[in-house]
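Read off the chains here:
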Amino acid sequence: MAKRFDYRQAIELAKVFKKHNVKYLFIGKSGAIILGYPDTTQDVDIFPEKTPENCKKIVSALLELKFPLTKTEQEEILKGKDFVQIRTGPFDIDLVFAPDGIESFNDAISRSVEVEGLPVCSINDIIKSKEAAKRVRDKESLPRLKAFRDWLLKR
Amino acid sequence: MKLRKDLTNTFVCDFESAARRSLKERLNYSFIHTYKPVLDDPPYFRSFRTISEYRRWAEKKLPAWLGYGKKI
């Protein structure tokens, strides 16, 4: 059953991920919203660095955040899958280890920004990723997202 | 694709309005839930070896109107 993500949970996630030294970025529409983009979304998209070490830290962090991951589910994250969707926890989360349109985590983090302790992909990377995904839902939202990028860069 | 000026102006009003709200307000109001067939049904944990595999699954399994495919 899907649960709503809110500010308190965002801060808690950032605190626990930092405690476990997880390397990650917010991406997708949730990332854009953190950057100031006015829109709605249903789940949190996280772009973590895909290394065995980081995956172990993610599992530890998610368990501390009270995600009831079974041993099998933990193994799936540790196996190095590119996309993991979790709907059993205190909020819905997608772990997107290889987002379309972004060459590497290191490249993304070099362009990332931090908003009140929340590390976020740059708006350009969020847009690039949505363009590369070529989904109908992304094509519909891209013009407004690009207008936001242009406005944000002028500020 | 170039946006119509009136649309751009409307968007800019939205962006400026959002900029006056705190991160806390924006996050608390932005995350909403509406039921999405298949995605919000069991199993509640899914993993895919590659993003392409996920995209193929989404295109095959999710209703087209959710917009996860390449066309409606």
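Structure's up top.
Residues numbered from 1 in each chain as written. Chains lettered and ligands numbered in written order. Predicted model: local features only at pLDDT ≥ 70, side-chain atom pairs only at ≥ 80, totals over all residues. Heavy atoms only, no water.

A. Local environment of the interface of chain B and chain A. Counting residues at the interface gives 41 residues for chain B, matched by 50 residues for chain A. A combined buried area of about 4,200 Å² lies between chain B and chain A, and 62% of that area is made up of carbon and sulfur atoms. When the area that chain B buries against chain A is broken down by residue, the three leading residues are F15, F31 and F45 of chain B, summing to 20%. Linking chain B with chain A are two salt bridges. Notably, a salt bridge pairs D14 of chain B with R144 of chain A, separated by 3.3 Å at the nearest N-O pair. Along the contact surface separating chain B from chain A lie 21 residue pairs in polar contact (both at pLDDT 80 or more). Among the secondary structure elements, those contributing two or more residues to the side of chain B that touches chain A are α1 (5–19), α2 (23–30), β1 (45–48) and α3 (51–61) of chain B. For the side of chain B that touches chain A, a count of residues per class yields 21 nonpolar, eight polar and twelve charged. (Contact = heavy atoms within 4.5 Å. Buried area = accessible area lost by both parts, 1.4 Å probe. Salt bridge = Lys/Arg side-chain N within 4 Å of Asp/Glu carboxyl O. Polar contact = N/O pair within 3.5 Å; in protein donor to acceptor, adjacent residues only side chain to side chain. Helix = DSSP H or I, 4+ residues; strand = E, 2+ residues; numbered from the N terminus. Nonpolar A, V, L, I, M, F, W, Y, C, P; charged D, E, K, R; others polar.)

B. Spotlight on the pairing of strand β3 (residues 83–86) of chain A. Residue and element names in this part refer to chain A. Covered by surrounding structure in β3 are F83 and Q85 together with V84 and I86, the residues of both alternating faces. As defined by bridge partners, β3 adjoins strand β4 (residues 93–96) across four bridges and the pair is classed as antiparallel. Paired with F83 across the strands is V96, a residue of β4. The turn linking β3 back onto β4 is made up of six residues. (Buried < 20%, exposed > 50% of the residue type's maximum accessible area, 1.4 Å probe, protein only. Pairing = 2+ DSSP bridges.)

C. Spotlight on a positive patch on the surface. Together, K134 and K139 of chain A together with K70 and K71 of chain B make up a region of like positive charge exposed at the surface. For K134 of chain A, the position within the fold is in the loop between α6 (123–133) and α7 (136–154). (Patch = residues over 30% accessible without salt bridge, like charges linked within 9 Å, V, L, I, M, F, W, Y side chains within 5 Å. Areas by Shrake-Rupley, 256 points an atom, 1.4 Å probe, with all protein chains shown as cover. Lys, Arg positive; Asp, Glu negative; His and termini not counted. Charge placed at Lys NZ, Arg CZ, Asp CG, Glu CD.)

D. Just the packing of aromatic side chains, in detail. The full count for this structure, using the stated rule, is 17 aromatic pairs over all chains. Aromatic side chains F11 of chain B and F15 of chain B sit 6.3 Å apart centroid to centroid with 35 degrees between the ring planes, which places their arrangement in the tilted category. Within this pair, F11 of chain B and its partner F15 of chain B are both found in helix α1, separated by four residues, close to a single helical turn. In terms of burial, F11 of chain B and F15 of chain B fall into one category: buried. With 5.3 Å between their ring centres and 50 degrees between their planes, F48 of chain B and W57 of chain B make a pair best called tilted. Per residue, the accessibility class of F48 of chain B equals that of W57 of chain B, and both read buried. Three or more aromatic residues link up through ring pairs in this structure, and these residues are Y37, F148 and W151 of chain A together with F11 and F15 of chain B. (Phe/Tyr/Trp six-rings, centres within 6.5 Å; stacked < 30°, edge-to-face > 60°.)

E. The arrangement of helix α2 (residues 28–35) of chain A in detail. Residue and element names in this part refer to chain A. Counting buried positions over the eight residues of α2 gives seven, a clear majority of the element. Every buried residue of α2 is listed here: G28, S30, G31, A32, I33, I34 and L35. Following α2 by one or two positions, G36 adopts a phi angle in the positive range, close to 120 degrees.

Purely geometric numbers; function is a separate question.
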